[in-house]
Amino acid sequence: MLRRALSLMVLAGLAAGCATSKDPEAIAQNDPYEPTNRAISDFNTTIDNAVAKPVAKFYNHAVPQFARSGLHNFLTNLDKPVTFGNDLLQGEGERAGQTLGRFVVNTTLGVGGLVDVATMIGMPDHSEDFGQTLGTYGVGEGPYLVLPFMGPDPPRDIAGDVVDIFLDPTTYIRFHGADTWYAVRSGAYVLDLRARNVDTLEQIERTSIDMYATTRSLYRQYRNAEIRNGRPDTSETDTPDFDDTTAPPATASPAPTTTPPSTPPTTAPAPPPH
């Protein structure tokens, strides 16, 4: 929910007018708001270095692996209805069957999703969102955008974020403390994603001359790979192995978010759940 709200706020800000670039390279990269994007990216990096990265490292050190895996499995399982809906919208019947099967097995035998029994018995995993669905139908990503705290999120993915709200069954569940539940779920998602990608993002930072340009390139490679649903594309170079199941993280300079892979770097980790 948090990501969706930020997405809409950024769109409103762009509509009101943001600094645009006349740099030929920025225009060639379909990044007309590069000055604003770089400023937001720098802000994200500052927040990541001051808060997200230290918390993620402490979490990895203090919390046992089995507990971290349980949280990750639980959050991933919660997102399966959204993946299932997008599988159907893409006409991917076989993948939809795999998603439904994983959800049923992990929700029942996996104690509400805490244990990834489906993987243990060889059921393949993947993630989908409506931004990917739009991409499979040929909708372009639009101008490159970076969100505060969230990282890269072009208009196609912002639209996907909004639609995914309505594909998530928990959107329609009303109960006392629902707002707290959504906030905790979003925070847990960000923590899990950032913690699982600490080493990957640090390696990218060490080897990048221009972290902003690197993040932009990796995000697009990652999203294009997700849209192809695992089908090879020899025109793209290999992307780093971000550890996530939905989108790459937010790294130091824009978050994923990193993912699974799942979302390239941004400073504040990747996109929270629906």
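Residues numbered from 1 in each chain as written. Predicted model: local features only at pLDDT ≥ 70, side-chain atom pairs only at ≥ 80, totals over all residues. Heavy atoms only, no water.

(A) The overall build of the chain, seen in detail. Check the secondary structure of the chain and you find 12 helices and 2 strands. Burial status across the chain gives 52% buried among its 274 residues. If you sum the accessible surface of the chain, you get close to 12,100 Å²; carbon and sulfur atoms cover 65% of it. (Helix = DSSP H or I, 4+ residues; strand = E, 2+ residues; numbered from the N terminus. Buried < 20%, exposed > 50% of the residue type's maximum accessible area, 1.4 Å probe, protein only. Areas by Shrake-Rupley, 256 points an atom, 1.4 Å probe, with all protein chains shown as cover.)

(B) Region of interest: helix α9 (residues 155-167). In this model α9 runs 19 Å from its N-terminal to its C-terminal C-alpha over 13 residues, within 8% of the 18 Å that 1.5 Å per residue would give. Where α9 is concerned, the buried positions are R156, D157, I158, G160, D161, D164 and I165. (Expected span 1.5 Å × (residues − 1).)

(C) Highlighting the packing of aromatic side chains. Evaluated as defined, the whole model comprises 2 aromatic pairs. With a centroid separation of 5.3 Å and 80° between ring planes, the pair formed by F43 and F149 is classed as edge-to-face. Residue F43 is found in helix α3 (residues 34-62), and its partner F149 is found in the loop between β1 (146-147) and β2 (151-152); the two are separated by 106 residues along the sequence. A relative accessible area of 37% means that F43 is categorised as partly exposed. For the pair Y144 and Y212, a centre-to-centre distance of 6.1 Å together with 80° between the ring planes defines the contact as edge-to-face. Taken together, the residues span a long stretch of sequence, with Y144 in the loop between α8 (130-136) and β1 and Y212 in helix α12 (residues 211-227) at a distance of 68 residues. (Phe/Tyr/Trp six-rings, centres within 6.5 Å; stacked < 30°, edge-to-face > 60°.)

(D) Region of interest: the side chain of Q132. Along the chain, the position of Q132 falls in helix α8. Within polar-contact distance, the side chain of Q132 engages the side chain of E128 at 2.8 Å. (Polar contact = N/O pair within 3.5 Å; in protein donor to acceptor, adjacent residues only side chain to side chain.)

(E) View of the pattern of salt bridges. Following the criterion strictly, the structure yields 18 salt bridges and no others. A salt bridge links R185 to D79; its shortest N-O distance comes to 3.0 Å. Separated by 106 residues along the polypeptide, R185 in helix α10 (residues 178-196) and D79 in the loop between α4 (65-78) and α5 (80-89) bring together distant segments of the chain. The exposure classification of R185 matches that of D79, with both residues buried. Notably, a salt bridge pairs E92 with R231, separated by 3.0 Å at the nearest N-O pair. Taken together, the positions of E92 in the loop between α5 and α6 (93-108) and R231 in the segment after α12 put the pair 139 residues apart, joining distant regions of the chain. Overall, R231 belongs to the partly exposed group, its relative accessible area being 46%. (Salt bridge = Lys/Arg side-chain N within 4 Å of Asp/Glu carboxyl O.)

(F) Spotlight on unusual backbone geometry. The backbone of V111 shows a phi angle near 55°, a positive value even though the residue is not glycine. Relative to the helices and strands, V111 resides in the loop between α6 and α7 (117-120). V111 sits in the exposed class, given a relative accessible area of 55%. Despite not being glycine, F149 has its phi angle at roughly 70°, a positive value.

(G) View of α4. The first and last C-alpha atoms of α4 sit 20 Å apart over 14 residues, in line with the 20 Å expected at 1.5 Å per residue. Every buried residue of α4 is accounted for by R68, G70, H72, N73, L75, T76, N77 and L78. Packed against the buried residues of α4 are α3, α5, α6 and α10. (Contact = heavy atoms within 4.5 Å.)

(H) Just the nonpolar core, in detail. Counting 5 residues, the largest nonpolar core consists of I40, Y144, V146, Y212 and Y219. Residues in contact with Y144, not counting those within four places in the same chain, are N30, D31, N37, P152, Y212, T215, R216, Y219 and R220. (Core = buried A, V, L, I, M, F, W, Y, C linked by side-chain atoms within 4.5 Å.)

(I) Quick look at the packing of α3 against α10. Relative orientation of the contacting elements α3 and α10 amounts to 80°, with a least axis distance of 9 Å. Viewed along their axes, α3 and α10 adopt a mutual orientation that is roughly perpendicular. Contact residues: D48, A52, K53, V55, A56, Y59 and N60 in α3; L191, R194 and A195 in α10. The class makeup of the residues in the contact of α3 with α10 is 6 nonpolar, 1 polar and 3 charged. (Axes fitted to C-alpha atoms, helices over the stretch in contact; angles between N-to-C directions. Parallel < 35°, antiparallel > 145°, perpendicular 65-115°, else oblique. Nonpolar A, V, L, I, M, F, W, Y, C, P; charged D, E, K, R; others polar.)

(J) Main features of the confidence of the model for the chain. Per-residue pLDDT for the chain has a mean of 84; in total, 76% of the residues score no lower than 70. For residues 245-263, every residue scores under 50 in pLDDT, and the model assigns this stretch 166 contacts once sequence neighbours within four places are set aside. (pLDDT = per-residue confidence, 0-100.)

(K) Highlighting the environment of A52. Counting through the fold element by element, A52 comes out in helix α3. A52 sits in the buried class, given a relative accessible area of 16%. For the pair formed by A52 and V198, sequence separation is 146 residues and the distance between their alpha carbons is 10.0 Å.

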